[in-house]
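# Coordinates in review
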Amino acid sequence: NGRSVDFSYRVGEGDRISVFPVFESLDITPLLEARLRPLRQTRFVLDTHLGRLATYLRLVGFDTLYRNDYDDPGLVRISVDEARILLTRDRQLLKRRALTHGYGVRETNPRRQLGEVLERFDLRRSAAPFTRCLACNGRLRPVPKAAITERLPPRTRRDHDQFRICPGCDRIVWPGSHYRRMRRFVDAVLGQDVSGDAGGAGADE
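Now for a quick tour of the structure. Keep in mind it's a predicted model, so treat the numbers as computed, not measured.

About the thresholds
- Residues numbered from 1 in each chain as written.
- Predicted model: local features only at pLDDT ≥ 70, side-chain atom pairs only at ≥ 80, totals over all residues.
- Heavy atoms only, no water.
- Helix = DSSP H or I, 4+ residues; strand = E, 2+ residues; numbered from the N terminus.
- Polar contact = N/O pair within 3.5 Å; in protein donor to acceptor, adjacent residues only side chain to side chain.
- Contact = heavy atoms within 4.5 Å.
- Pairing = 2+ DSSP bridges.
- Salt bridge = Lys/Arg side-chain N within 4 Å of Asp/Glu carboxyl O.
- Buried < 20%, exposed > 50% of the residue type's maximum accessible area, 1.4 Å probe, protein only.

### Description of the side chain of Asp63
Looking at where Asp63 falls in the secondary structure, it is placed in the loop between α1 (51-59) and β2 (64-65). A polar side-chain atom of Asp63 sits 2.9 Å from a polar atom in the side chain of Arg84. Residues within four places of Asp63 in sequence aside, it is in contact with Arg43, Phe44, Arg84, Arg132 and Asn137.

### Structural notes on the sheet that holds strand β3 (residues 85-88)
Taken in spatial order, the 4 strands of this open sheet run β2-β1-β3-β4, and their pairing is parallel. Strands with a single pairing partner mark the edges of an open sheet, and in this sheet they are β2 and β4 (102-104). Pairing of strand β1 (residues 44-46) with β2, which is carried by 2 bridges, proceeds in the parallel orientation. By the bridge assignment for β2, Phe44 is matched with Thr64.

### Here's the deal with the sheet that holds strand β5 (residues 141-142)
As a general point, the strands of a sheet are linked pairwise by backbone hydrogen bonds and lie either parallel or antiparallel. Spatially, the 3 strands line up as an open sheet ordered β5-β6-β7, and their pairing is antiparallel. The open sheet has two free edges, formed respectively by β5 and β7 (172-173), since each of these has just one partner strand.

### Some words on the pattern of salt bridges
Summed over all chains, the structure comprises 11 salt bridges. Between Asp170 and Arg151 there is a salt bridge, and its shortest N-O distance comes to 3.0 Å. Highlighted residues: Asp170 in the loop between β6 (164-165) and β7 and Arg151 in the loop between α5 (145-148) and α6 (154-159), separated in sequence by 19 residues. The class for Asp170 is partly exposed, based on a relative accessible area of 40%. Between Asp159 and Arg158 there is a salt bridge; the shortest N-O distance is 2.7 Å. What makes Asp159 partly exposed here is its relative accessible area of 41%.

As structure tokens, this is what we get:
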């Protein structure tokens, strides 16, 4: 009946009901969203000009493929074959007939690019910060300190007890000297303030 309601509403006789899927963006009065998180799993592949954005997307937990040697046909093929959204600054690339899901990033500053993508695809509620390897995109998993003690620098071995490892590239990460800066950056961008600086956005290893 022209009102946005959730699943607690009891349908009455004569009610007019419209049900909408998850929109990437919708320029009308905001709708009440019945689900806390969308059902879809959003994944990306990025062109060679968006390397820092790829790191930032991984930092906040999104499956993001990036290599600086991907060519245009390869990007389109990965996007189609793996159901990934192609992010690019190249408008001509988006015009390729085979491409089904792509977006032209407008911002030039990487931090603002991240905010733009999160906003455009409504991803802030789906973020899972510090769960992916910034180097290779693998999903990090906890690892016992005893299993990696010999690989740790003496100071790290002394000061830290929580570690994660990437099964893809075998990189070990822990909340070291960069973590607080990265945490501030993540909190800022997920709170829609993209002025924060993550610097190199790297994890200790």
